[in-house]
Amino acid sequence: MWFLKIIFVCMVSLSLLFLCILCLTEIKSLDNRQLNANIRHEWWWTWSCSGSRCRRSETPAAELPSGTQCSLQACRLTCGRFGALWPLPTGHTVISQKLLSFHTNNINFDLSSITDKACHEFLSKASQIFVQNLKTECGLNCSFVKETHISVRIRVSTTELTLGWETDEGYTLELTSKGDLITVTIDASTVYGARHGLESLSQLTAVHQCSKDGRSNLVIVSGAKISDRPVYPHRGLLLDTSRNFLPVSAMLRTIDAMAASKMNVLHWHATDSHSFPLQSPRVPQLAKYGAYSEQEVYSTSDVSELVSYGQQRGVRVLLEIDGPAHAGMGWQWGREAGLGDLAVCVGWQPWHKYCIQPPCGQLNPANPNLYKVMADLFKDISESFSYSSGFHMGGDEVFLPCWNSSQEIVDWMQTQSLGRTKLDFIKAWAYYQQQLLRVWDAQVGHSKTPIILWSSHLTDPAIIQRYLDKDRYVIQTWVEKASDVNHLLLSLGYRVIITTKDTWYLDHGFWGSTTYHNWKVVYDNKLPKGFKGVLGGETAMWGELVDQFSLDAKVWPRAAAMAERLWADPNSSSIEAENRLRHHRQRLVRRGINAEAVAPEWCFQNEGECGNDR
């Protein structure tokens, strides 16, 4: 018994000794943190604007010299004609040199002139998003400034809520200050233009830490005038959710970054031969046989959330159901259901004999049941998406040896008086496209929807007019910068969306012999001039080597570089845009986007000192 008592006393003693050591360690840690805090707030770098560059002081300063700012963010707000605005405004822009401190609690929105209920609701939510972005950027340790009040008046001249190629996205913004009152007026034709105006207003603010207690503070310019509207109506980003499933949260985060960059089209490449993750209530077999798992499916409620979330942020979700190529997983149940082969070559090996990329699979144009299934799928799609500015039917990389290896298709072609030449297979392809268009029109009840197709053998300028009506089809080209395809299609009167393969493919540089295109290459790629048929362009994040964990860094801020090209199409090059792009990258990071770094931080803090190294 006495032995147990001795053991108990020893254990208690050791425990007390361990607690004492922990307390001493924590006290020492607190002392170190306090020492570091004191060191941090005894000095700081300061910045002053010289020309269009913020210059860092040569030595740390104990006090804030006149004409300087205690943060690079604050300096950038008023340095240069356009400050930290991204993308570049296209009209008259003036920004004052003075900054005023404020807090989000003292922002008031005046929507009294908006009498339409739907528009009022849209702008009310847009105002909430604006405030939340500022709160997110400033953080939890944001100082309250009770003196300054901001009144934001928003006016729109129409009740239009459709977002498409014809939407007026222009706006004007005027900011004035008198005493402790800042007055902002945003005028626009549509709610989307007003939303862009709010985004620009958020970019006239900055976060800095000038107080010795380490708290953050929001500042805003004391005056500004901006007149702005986009050059191109289609400013898009393609996300591929077939190769690797992207959760809805990652897609919503991407929409946030697009909104911050004034991009307006999320091109959702939802399906491919790898998987069919999109739920179709009328054709549940597509996702049942095509999804990677039961959890990796986009439900109708997911689709609804994406569409509404995007619209509220000025981003239209453009769905693509790829075909007739790139269609394998999800289509293999037809024979079991008594419908015959809806697709052929599905999963065939060796794959390089039957397709561009494994797994193989192409839709079967000879099977009339295919078009019945498509009718049900299209009906579901038409009930979930707006198609005033197009539905994407894919149409790229049809691999003729696949169809040529199907006896059913070869026999059917013979009944259509077709042989087995390349032109004969293109005619079979054109038949498929004609039938698909007929099915689509029957489901939506009209023949007005613009149909978007990837450039391909079928859209070859030498033959396209035989098969595709220029008033109905829009061609999304994915050719190299040096190609003449864009000019030839435009000369024939076709509308085009440009996705320049050797500058705007964001997956390049991660596989094969492809080359990585940094943001400067993306930015400096210009669209053809002198053609009214250029709707705009897209960057493409093909998904073979990207998932939710690497998405942000591979897309941003390179997609934002294209966003400025399509919004403003400036005559200047990436050299002049570099300082603003770095700040926009920081803005995205503060809003929760894991955008990749574009330079060492020293270069960020010393604008113009790192040359033009690509």
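Parameters at a glance
- Residues numbered from 1 in each chain as written.
- Predicted model: local features only at pLDDT ≥ 70, side-chain atom pairs only at ≥ 80, totals over all residues.
- Heavy atoms only, no water.
- Disulfide = S-S within 2.5 Å.
- Helix = DSSP H or I, 4+ residues; strand = E, 2+ residues; numbered from the N terminus.
- Buried < 20%, exposed > 50% of the residue type's maximum accessible area, 1.4 Å probe, protein only.
- Expected span 1.5 Å × (residues − 1).
- Pairing = 2+ DSSP bridges.
- Axes fitted to C-alpha atoms, helices over the stretch in contact; angles between N-to-C directions.
- pLDDT = per-residue confidence, 0-100.
- Contact = heavy atoms within 4.5 Å.
- Bend = angle between axes of the 7 residues up to and from the residue.

So, on to the state of the cysteines. For the structure on display, the rule yields six disulfides. Here Cys-345 is linked by a disulfide to Cys-402, with a sulfur-sulfur distance of 2.0 Å. Between Cys-345 and Cys-402, the disulfide has an S-S torsion of 115° and is therefore right-handed. Here Cys-345 is found in the loop between strand S15 (343-344) and strand S16 (362-363), whereas its partner Cys-402 is found in helix H9 (residues 400-404), with 57 residues between them in sequence. Relative accessible area serves as the criterion here: at 2%, Cys-345 is assigned to the buried category. Sulfur-sulfur distance for the disulfide between Cys-355 and Cys-360 comes to 2.0 Å. Torsion about the S-S bond of the Cys-355 and Cys-360 cystine: about -65°, corresponding to left-handed handedness. Considered together, Cys-355 and Cys-360 belong to a single accessibility category, that of buried residues.

This part is about helix H4 (residues 191-202). Here H4 contains twelve residues, and its C-alpha end-to-end distance of 17 Å stays within 8% of the 16 Å for a straight helix at 1.5 Å per residue. Along H4, twelve of the twelve residues are buried, which leaves the element largely enclosed by surrounding structure. Among the residues of H4, Val-191, Tyr-192, Gly-193, Ala-194, Arg-195, His-196, Gly-197, Leu-198, Glu-199, Ser-200, Leu-201 and Ser-202 are the ones counted as buried.

Pairing is antiparallel across the open sheet formed by three strands, whose spatial order is S4-S10-S9. In this open sheet, the two strands that pair with only one neighbour each are strand S4 (99-102) and strand S9 (205-208). On average, adjacent strands in this sheet sit at an angle of 35° to one another, irrespective of strand direction.

A few words now on the sheet that holds strand S5 (residues 107-110). Spatial ordering of the open sheet is given by S3-S11-S7-S8-S6-S5, a layout of six strands whose pairing is mixed. Only two strands of the sheet have a single partner each, and these edge strands are strand S3 (93-95) and S5. Along the sheet, successive strands turn relative to each other by an average axial angle of 15°, direction set aside. Here S3 pairs with strand S11 (residues 224-228) via three bridges, running antiparallel. Residue pairing across strands places Thr-93 opposite Ile-226, the latter belonging to S11.

It is worth spelling out the confidence of the model for the chain at this point. Looking at the chain, the pLDDT average stands at 92 and 91% of residues meet or exceed 70. In the model, residues 22-43 has pLDDT below 50 throughout and makes nine contacts with residues more than four positions away in sequence or in other chains.

Let us look at helix H18 (residues 574-590). Helical periodicity: at 3.6 residues per turn, an α-helix aligns residues three or four positions apart in one direction. Given a rise of 1.5 Å per residue, 17 residues ought to cover 24 Å, and the 23 Å separating the end C-alpha atoms of H18 matches this to within 8%. Its axis deflected by about 35° at Arg-580, H18 carries its strongest bend there. Within H18, twelve of the 17 residues are buried, which leaves the element mostly enclosed by the surrounding structure. Three or more residues of H18 are buried, namely Ser-574, Ala-577, Glu-578, Asn-579, Arg-580, Leu-581, Arg-582, His-583, His-584, Arg-585, Arg-587 and Leu-588.

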